[in-house]
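# Results of the structural survey
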Amino acid sequence: MALHLSLLLILLFLILYRVSAVRYVSVQTGGSITIPCHYDQYYIDHVKYWCKGYDWISCSTLVRSDHPKSSGNASISDDINQRVFTVTMTDLEPEDSKTYRCFVEINGRPDIMIQRFYLSVTPGTPELYVDQQEVTGVEGGSVTVRCYYSNSGDIKWCRMRGDCVSYSGTLHGTVTLKDISLANNRTVLTVTMSGLKMENTDWYWCEVGELEMPVHITVSQHTATQIITAISKYILFGSIDVKVLLIPWGMLVVVTAGILVTWKMWTKHKDNKAKDQTTNNSV
């Protein structure tokens with residue numbers, strides 16, 4: 001009995017620790033940031049909200065997924081397909097440096113806190129930042145994210161609600177990490193994800209020490225323009241990643257075959273119509 005109670009207490013502690021663990025993000029004065037909050041499928045139809053405050057009791061609601069969806073410099077968006085709601089804060093000032101929380105509203109019961117963030121707004125360059133939080137790529141291709149940092153600590157690239165890699169590894173694809181030292185005691189971590197698939201669309205995190213920076217990667221299918229561009233590169237430069245070329249080339253073959261079949265059927269129909277007219281005229 002005592003053993004079972006101890007295990008239950010340990011499990012409860014781990015759950016509370018995971019929920020209450022603070023994620024630290026840093027932004028330069030006047031800048032903006034988008035923060036993702038992932039929730040369980042059971043809460044798809046629930047209201048989500050973003051509040052500011054050190055503790056649960058004093059947490060003041062800023063925006064909600066029902067109303068208001070935007071207020072002041074904050075706005076909220078709920079993606080029920082990915083089960084993620086995001087909060088974007090713009091024109092940030094030092095007084096915005098506070099603890100913020102992601103909540104799911106539960107009718108008749110205490111609301112559930114998903115995640116807690118501490119946002120630090122600094123007048124100078126943040127200790128950790130990225131070129132852009134939104135990155136796009138295509139199936140079979142690759143994307144590169146550059147994380148600039150000046151702080152110390154363990155370096156990781158993580159997928160939200162997923163695994164992390166500290167060096168080269170896989171996160172449902174191939175991930176390569178490379179550190180390059182820059183001036184002013186700053187280093188850039190270059191993250192390259194290759195062999196992209198549609199399911200790689202998700203939120204990821206650059207982590208250096210206790211600081212984190214979220215990055216959203218969107219993987220889309222090839223368009224006709226991208227197909228032509230890929231083939232043009234092959235013709236002009238004579239070399240291209242074969243994996244990248246296979247998908248657009250296959251699509252081009254299918255489209256071309258469809259056009260040829262349609263043209264052949266139309267030509268045959270036209271010839272038959274001409275023959276019928278000739279026969280009628282002869283009669």
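A brief structural summary. (Residues numbered from 1 in each chain as written. Predicted model: local features only at pLDDT ≥ 70, side-chain atom pairs only at ≥ 80, totals over all residues. Heavy atoms only, no water.)

### With respect to the sheet that holds strand β7 (residues 84-89)
The strand order β2-β7-β6-β5 describes an open sheet built from 4 strands, whose pairing is antiparallel. The open sheet is flanked by β2 (33-38) and β5 (70-71), the only strands paired with a single partner. Summarising the sheet, β2 and β7 pair through 6 bridges and their orientation is antiparallel. Within the sheet, the bridge partner assigned to Ile33 lies in β7 and is Met89. (Pairing = 2+ DSSP bridges. Helix = DSSP H or I, 4+ residues; strand = E, 2+ residues; numbered from the N terminus.)

### Focus on the side chain of Thr86
Its place among the elements puts Thr86 in strand β7. Those residues within four positions of Thr86 in sequence are excluded, and the remaining contacts are Thr34, Ile35, Pro36, Ser75, Ile76, Ser77 and Trp203. (Contact = heavy atoms within 4.5 Å.)

### As for the pattern of salt bridges
Enumeration according to the criterion identifies 7 salt bridges in this entry. Arg23 is the salt-bridge partner of Glu212, the closest N and O atoms lying 2.6 Å from each other. Highlighted residues: Glu212 in strand β19 (residues 211-220) and Arg23 in strand β1 (residues 22-28), separated in sequence by 189 residues. Taken individually, Glu212 and Arg23 each receive the classification buried, so the pair is uniform in this respect. As a salt-bridge pair, Asp202 and Arg161 come within 3.8 Å of each other at their nearest N and O atoms. (Salt bridge = Lys/Arg side-chain N within 4 Å of Asp/Glu carboxyl O. Buried < 20%, exposed > 50% of the residue type's maximum accessible area, 1.4 Å probe, protein only.)

### Brief notes about the nonpolar core
One finds Trp50, Leu119, Val145, Trp157, Met193 and Ile217 to be the most contacted residues of the largest nonpolar core, which totals 51 residues. Residue assignment places this core across two domains, with domain 1 (20-122) and domain 2 (128-224) each supplying three or more. Those residues in contact with Trp50 that sit more than four places away from it in its chain are Ile35, Cys37, Ser60, Thr61, Leu62, Val63, Val87, Met89, Tyr100, Arg101, Cys102 and Phe117. (Core = buried A, V, L, I, M, F, W, Y, C linked by side-chain atoms within 4.5 Å. Domains from an automatic or database assignment.)

### What to know about unusual backbone geometry
The linkage connecting His67 with the following residue, Pro68, adopts the cis geometry, with an omega of -5°. Mapped onto the elements of the fold, Pro68 is located in the loop between β4 (60-64) and β5. Within the chain, Arg83 stands out as a residue other than glycine whose phi angle is a positive 55°. Its location among the elements puts Arg83 in the loop between β6 (74-79) and β7. Since its relative accessible area comes to 26%, Arg83 is described here as partly exposed. The residue Arg161 is not glycine, and still its phi comes out positive at about 50°.

### Thoughts on the state of the cysteines
Enumeration according to the criterion identifies 4 disulfides in this entry. Paired by a disulfide, Cys37 and Cys102 hold their sulfur atoms 1.8 Å apart. You can see Cys37 sitting in strand β2 and its partner Cys102 sitting in strand β8 (residues 98-104), a full 65 residues away along the chain. Looking at Cys37, the relative accessible area reads 1%, which means it is buried. Bridging Cys147 to Cys206, the disulfide has an S-S length of 1.6 Å. With Cys147 in strand β12 (residues 142-149) and Cys206 in strand β18 (residues 202-208), this pair connects stretches of sequence that are 59 residues apart. (Disulfide = S-S within 2.5 Å.)

### Considering the side chain of Glu207
Along the chain, Glu207 falls in strand β18. The contacts of Glu207, once residues within four sequence positions are left out, are Arg23, Asp154, Ile155, Lys156, Cys158 and Glu212.

### Points about the packing of aromatic side chains
One pass over the full model with this rule turns up 8 aromatic pairs. Centroid distance Trp157 to Tyr204: 5.5 Å. Interplanar angle 5°. Geometry classified as stacked. Taken together, the residues Trp157 in strand β13 (residues 155-159) and Tyr204 in strand β18 connect sequence positions 47 residues apart. Across the pair, Tyr204 and Trp157 agree in class, each one buried. Within the aromatic cluster, the residues linked to one another by ring pairs are Trp50, Tyr100, Phe117 and Trp205. It is Arg23 that lies over the ring of Trp205; its NZ or CZ is 3.9 Å from the centre. (Phe/Tyr/Trp six-rings, centres within 6.5 Å; stacked < 30°, edge-to-face > 60°. Lys NZ or Arg CZ within 6 Å of the ring centre and 35° of its normal.)

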